[in-house]
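Chains, contacts and geometry: an overview
The lines below spell out each chain.
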Amino acid sequence: MPSPNEPARRLDRKPIVAVTRHLMPSVEQRMGELFDVRLNEGDTPLSREDLAGLMQEADVLVPTVTDRIDRSLIEGAGERLKLIANFGAGTEHIDLEAAKKLGIMVTNTPGVFTDDTADLTLALIIGVPRRMREGVSLVRSGEWTGWAPSAQLGRKLGGKQLGIIGMGRIGQAVAHRARAFGLSVTYHNRKRLPEAAERMLGAEYVADIDTLVSEADILSLHCPATPETHHLMDARRIGLMPRGASLINTARGELIEQDALIEALGSGQLAGAGLDVYPDEPKVDPRLLAHPNVMTLPHIGSATVEGREASGEKIIANIRFWMDGHRPPDQVLIGFD
């Protein structure tokens, strides 16, 4: 069986490319010109049975984060399937080891959503301490009675400490933006950044997560969902945060123990939270929706026209490299030798 780390043989026909969700029109049009493409016209998450059917006939599967491509699906795939070209950078929804075992290459689309997600994160970092969600609701309800010197008081950003867990592309982009608002930045990462990068970002490394959490006025999560990071912010660790702190999550919903978060919001341990992701999407716990200072967004960190088009273009490039027998530029090597 060929290794997914080795270049494939050139494919001398149009590959059958199965796309699980509706992509940007320009991307779908170009795919139709280059490949024998199967599109999801309804743009709803496919059932497990539908995914299994596509994986039986396709040379290339183009899934998204809403598709759980587990070991059973991969082992049941047809012999033609040799490339999973993921839409998005995260691959925790794909069993990489199972793909490796069967000689199926996996690619992703890193980098294209970095600035978009960092921008949205900054909106939450600003919005939660300034109680923007509560202010919008007050105006829309018709209950606002006008300006008053002691009304709707939030917290200023300047001089506060922003703690970042996960200092990859997005974490670094958030740190870079945070300096403009007078925030001091501390971070934790599996590997410490080079000293030059720390100086450029004005970020201080903290080796112990508990210490980072206990000192952060605002904590922002930017790490992948793995068994090690599941409920990274549990009741104990949330309890370490300074009273009145804010928690921001634009990464993955599974990073936070949701009941513990809700309890901390109710007790006042946390002043607010900014969330773009949830553990059971698209369901959002009604208790989060009811809290006056929880900004809830519908997983739109990457939702820009430019970003979605760029991601689609990366997928096309990865497939074409693979078709020509070359190693795709965005081959995922995590979990591979």
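Please read these numbers as outputs of a predicted model, since none were measured by experiment.

This paragraph deals with the packing of helix α1 (residues 25-34) against helix α13 (residues 305-323). Contact pair α1 / α13: the axes reach a minimum separation of 9 Å and the direction vectors enclose 15 degrees. It follows from the interaxial angle that α1 and α13 lie roughly parallel. When the axes of α1 and α13 are compared, the crossing they make is right-handed. Across the interface between the two elements, Ser26, Val27, Arg30, Met31 and Leu34 from α1 touch Glu309, Gly312, Glu313, Ile315, Ile316 and Arg320 from α13.

In any sheet, the strands associate via hydrogen bonds between backbone groups, in a parallel or an antiparallel arrangement. With parallel pairing, five strands are arranged side by side in an open sheet as β2-β1-β3-β4-β5. Of all the strands in the sheet, the pair left with one neighbour each is β2 (36-38) and β5 (105-107). Across the sheet, the mean angle separating the axes of adjacent strands is 20 degrees when strand polarity is ignored. As paired strands, strand β4 (residues 83-85) and β5 are joined by three bridges and run parallel to one another.

Relative orientation of the contacting elements helix α5 (residues 114-127) and helix α7 (residues 169-178) amounts to 50 degrees, with a least axis distance of 9 Å. Comparing the axis directions of α5 and α7 gives the class oblique. When the axes of α5 and α7 are compared, the crossing they make is right-handed. For the pair α5 and α7, contact is made by Thr114, Asp115, Thr117, Ala118, Asp119, Thr121, Leu122 and Ile125 and by Arg169, Ile170, Ala173, Val174 and Arg177, respectively. Class assignment of the residues belonging to the contact of α5 with α7 gives a composition of six nonpolar, three polar and four charged.

Scanning all chains against the criterion turns up one cavity of 30 Å³ or more. By volume, the largest cavity is sized at about 60 Å³. Lining the largest cavity, in full, are Asn249, Gly253, Ile256, Gln258, Leu261, Leu275, Val277, Pro279 and Leu288. For the lining of the largest cavity, the class distribution of residues is six nonpolar, three polar and no charged.

The assigned domain composition of the chain is domain 1 (16-112 + 304-324) and domain 2 (114-296). The C-alpha-based centres of domain 1 and domain 2 are spaced at 32 Å. Contacts between domain 1 and domain 2 engage eight residues on the former and five residues on the latter. Approximately 540 Å² of surface area, both sides summed, lies buried where domain 1 meets domain 2, with 39% of it carried by carbon and sulfur atoms. Among the residues of domain 1 in contact with domain 2, Glu92, Gly111 and Thr304 are the three that bury the most area, contributing 62% of the side total. Counting the contacts that link domain 1 with domain 2 gives one salt bridge.

Among the nonpolar cores identified, the biggest contains 29 residues, and Ile165, Leu219, Leu261 and Leu270 are the most heavily contacted of them. Residue assignment for this core shows that the elements contributing at least two residues are α9 (209-215), β9 (218-221), β10 (245-249), α11 (258-267) and β11 (270-275). Excluding anything up to four places from it in sequence, Leu219 contacts Gly163, Ile165, Leu212, Val213, Met233, Met241, Ser246, Leu247 and Ile248. In terms of nonpolar packing, the next biggest core, distinct from the first, is built from 23 residues, Leu124, Leu162, Ile164 and Ile248 among them.

Rules used in this analysis
- Residues numbered from 1 in each chain as written.
- Predicted model: local features only at pLDDT ≥ 70, side-chain atom pairs only at ≥ 80, totals over all residues.
- Heavy atoms only, no water.
- Axes fitted to C-alpha atoms, helices over the stretch in contact; angles between N-to-C directions.
- Helix = DSSP H or I, 4+ residues; strand = E, 2+ residues; numbered from the N terminus.
- Parallel < 35°, antiparallel > 145°, perpendicular 65-115°, else oblique.
- Left-handed = near helix turned anticlockwise from the far one by under 90°.
- Contact = heavy atoms within 4.5 Å.
- Pairing = 2+ DSSP bridges.
- Nonpolar A, V, L, I, M, F, W, Y, C, P; charged D, E, K, R; others polar.
- 1 Å grid on protein atoms, 1.4 Å probe; cavity = no way out; pocket = protein on both sides within 12 Å on 5 of 7 lines; lining within 4 Å.
- Points joined across faces, edges and corners; volume = space filled by probe spheres on them.
- Domains from an automatic or database assignment.
- Buried area = accessible area lost by both parts, 1.4 Å probe.
- Salt bridge = Lys/Arg side-chain N within 4 Å of Asp/Glu carboxyl O.
- Core = buried A, V, L, I, M, F, W, Y, C linked by side-chain atoms within 4.5 Å.
- Buried < 20%, exposed > 50% of the residue type's maximum accessible area, 1.4 Å probe, protein only.

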